[in-house]
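One letter stands for each residue in the lines below.
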Amino acid sequence: MSTDTACCPQCAAPLFSSNQYVVWCMECEWNIEPATSSTPPRHSIYRNLRQRLSQRRFERLLHQPISKPRLRLTTLLAYAIALGVHMLTLALLAGSVYVLLFSELHRIWRLIGGGAGLAAAWILRPRLQRRPAAAQQRAALPATFALVDHIAAQLGIASVDGIVIGPEFAASLSQDWRRRSYLTLGLPLWIILTPAEKVALIGHELGHKINNDPARRFWVHAAIESLVQWDQLLRPEQIFAVQGRGIMALLLALFYIPVNLGMLLLAQIARFVAQRLVQLIYLESQQAEYYADHIAAQAAGTTACQSLLRKTCCESVVSLATQQLIVAGKQRPSTGIISAIRQSMAAMPAHETERLWRVNLRTLRRSAATHPPTDYRIQLQQAHAAQAGCIDTPALDIAAADSEIEQLEPAIQHQMIDNLKHALYGR
Ligand SMILES: [Zn+2]
Ligand SMILES: [Zn+2]
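So, a few notes on the structure that sits alongside this text. Computed from a predicted structure; not experimentally measured.

Now for unusual backbone geometry. Most peptide bonds adopt trans geometry, and most residues besides glycine take a negative phi value. For alanine 12, which is not a glycine, the phi torsion comes out positive at approximately 65°. You can see alanine 12 is positioned in the loop between strand 1 (4-7) and strand 2 (14-16). A residue is classified by how many C-beta atoms lie within 10 Å of it, and alanine 12, with 11 of them, is exposed. In the Ramachandran plot, glutamate 29 falls in the positive-phi region, its phi being about 65° despite a non-glycine side chain. Locating glutamate 29 in the fold gives a position in the loop between strand 2 and helix 1 (44-62). Residue glutamate 29 is classed as partly exposed on the basis of its 16 C-beta neighbours within 10 Å.

Here is the structure:
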C-alpha cells in the first residue's frame, strides 16, 4: 500500500506515498495536520495555565497510587461560589415576589419591576437534568443491561437505570434530578471495539459513578450556566447609541452612558467568575478521568484499557466512512454504516493510525480540555502495576448485547448522517 517515493521537504526523511491518506513525516511531523486553523490567542493565558496544571497533576500521579478524587480546597471554593450564584437567583426571585405583592410602589411599577425580576429569575434558574429522551428501558435491551449489570456487580457499583445507544463516537454517564443514572454508548465506537475493550469502556463509565461525578458537577455547571445568562442579559450592545433625531434623543443617549457602563461592568464580573469556576473544577475533572481509567483497568485489564484509549483517537475514520456512504449511494441509505466503519478501520495503514494518534494528542493539548491528553492516561497506567482485570470476558455474552445494539443501526445511521450534514453545511 505504501512505498518510499518522496522525501520530507523539512528533514529529508523518506515519506510514504498514498493517494487515500494524508502524506506526512513521522520524523518531524511535517504536514501532520494539513488544514489546521491557528487557535485565537485570546484564551492562550488560561490555556497555558491549564496545560501546566494538567502536566503537574500527571507528573505527581506517576509516583502515587491513583485514588478517588479527594475533596480539594479548590473544589470547595467552586462549590461556595456556585452556592453564592444560586443564592443570588433565589434572592432575585424573593425580591421580585416582594415587589409584586407587598411593596408600596404604584401598581404599574410593581408589575413592571416584579415581572421583570421574575422573568430574569426564570432565565437564571438552574436547569433540572432530565431523563435522556432516547433512554431505553430494561425490556428493550435485556442483554446489554445484563452485561452492564454484571460488570457493575463485579466492581461493586450500583448499575444504571437506563441505556442510550447514540450516534456519537463516544460514551458517557449522566444523571437526572432524581439521581437515576444513564449510560450512553455510541454505536460507532462500540462496533470497533473488542470484547475486552467493551468491558473497559463500560468499566470506565461506571467508574464515574463511584465518584458521583455527574451530581458533583451539576451544581457548579448550573452556576456557570447562570453566570453566562447574567452576562448575556446585562451586556449592552452599545455604550452610546442615539435612537432617533433631535436634542432629546442625544440627551437620552448621553444619560444612558453611565447606565450602560455599569451594566457592562456587571457583565464582565459575571464572565470573570464563570471563567474562574471552570478553572477551579478543571483539575478535579482530570483526576476523575484518571480514576475512571483505573476502574476500567480493574474491570478489563490494563492492556484492554490502553487499546481502548488508542481507538478513541480514530473518530475521523468514522466521519469519513459516513461521508463515503452518502457520496457512494443513495441520498439516505438506512443501513451499511456499521460495515463501512469496520472496513475503513481494517483498511487503515499503520502510518495513518499513528498520525491520528499524534493529532489527537496535539488537539487535546491545544484545547486543554477537561479530559487529560490520551498519552498521559496511557502512561499513567503503564507507570502503575498492570492489572489483569477482574471480569472473565470470554464468559460474558457480549454477542447478544452486540446484536441488540446493531439492530438500532437504521435509526442511528440517520442521526449520524444528519449530524454530519449539520457539521458540514450547517443544516
Ligand atoms: Zn520530516
Ligand atoms: Zn470519562
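This part takes up the nonpolar core. Core analysis: the biggest nonpolar cluster contains 56 residues, and Ile151, Ile163, Val199, Ala200, Ala299 and Ala300 have the highest contact counts within it. If near-sequence neighbours (up to four positions away) are discounted, isoleucine 163 is found in contact with Ala135, Gln136, Leu141, Thr144, Phe145, Val148, Leu183 and Leu185. Within the second largest apolar cluster, 19 residues are counted, among which are Ala78, Ile224, Ala270 and Leu283.

Once that is clear, we can look at the sheet that holds strand 4 (residues 171-175). Sheet architecture is open: three strands sit in the order 3-5-4, paired in mixed fashion. If you trace the sheet from one side to the other, it starts and ends with strand 3 (162-166) and strand 4, each paired once. Strand after strand, the sheet turns through a mean of 20° between neighbouring axes, direction not considered. Where strand 4 lies against strand 5 (residues 181-186), five bridges are found, and the strand directions are antiparallel. Note that in strand 5 the partner of leucine 173 across the bridge is leucine 183.

Right, let's get into helix 13 (residues 374-383). Residues three or four positions apart in an α-helix share a direction because the helix packs 3.6 residues into each turn. Of all the positions in helix 13, only Tyr376, Arg377 and Gln381 are classed as buried. Around the axis of helix 13, the buried residues are gathered within 130° of arc, so they sit on the same side.

Attention shifts here to the packing of helix 10 (residues 315-328) against helix 15 (residues 409-425). Closest axis-to-axis distance for the helix 10/helix 15 pair is 10 Å, and the angle between their directions is 95°. Our classification of the angle between helix 10 and helix 15 gives roughly perpendicular. Taken together, the residues of helix 15 that come into contact with helix 10 (itself represented by Ser319, Thr322, Gln323 and Ile326) are Met416, Ile417 and Leu420. Of the residues that constitute the contact of helix 10 with helix 15, the class distribution is four nonpolar, three polar and no charged.

All right, on to the pairing of strand 5 then. Counted residue by residue, strand 5 has six buried out of six residues, so it is predominantly covered. Residue alternation in strand 5 divides its side chains into two sets, Ser181, Leu183 and Leu185 and Tyr182, Thr184 and Gly186, and both sets are buried. Where strand 3 meets strand 5, five bridges bridge the pair, whose relative direction is parallel. Bridged to isoleucine 163 within strand 5 is leucine 183. Taking the residues between adjacent antiparallel strands as the criterion, strand 4 and strand 5 are bridged by five residues, where arginine 179 takes a positive phi near 65°.

With that settled, the discussion passes to the environment of histidine 351. Its location among the elements puts histidine 351 in helix 12 (residues 350-367). For the pair histidine 351 and proline 167, spaced 184 residues apart in sequence, the C-alpha to C-alpha distance is 27 Å.

Moving on to helix 9 (residues 302-311). In terms of burial, helix 9 is largely enclosed, as seven of its 10 residues are buried. Along helix 9, the residues that are buried comprise Thr302, Ala304, Cys305, Gln306, Leu308, Leu309 and Lys311.

What counts, and at which threshold
- Residues numbered from 1 in each chain as written.
- Chains lettered and ligands numbered in written order.
- Predicted model: local features only at pLDDT ≥ 70, side-chain atom pairs only at ≥ 80, totals over all residues.
- Helix = DSSP H or I, 4+ residues; strand = E, 2+ residues; numbered from the N terminus.
- Buried ≥ 20, exposed ≤ 12 C-beta atoms within 10 Å, placed from the backbone.
- Core = buried A, V, L, I, M, F, W, Y, C linked by C-beta atoms within 7 Å.
- Contact = placed C-beta atoms within 7 Å.
- Pairing = 2+ DSSP bridges.
- Axes fitted to C-alpha atoms, helices over the stretch in contact; angles between N-to-C directions.
- Arc of directions from axis to C-beta.
- Parallel < 35°, antiparallel > 145°, perpendicular 65-115°, else oblique.
- Nonpolar A, V, L, I, M, F, W, Y, C, P; charged D, E, K, R; others polar.

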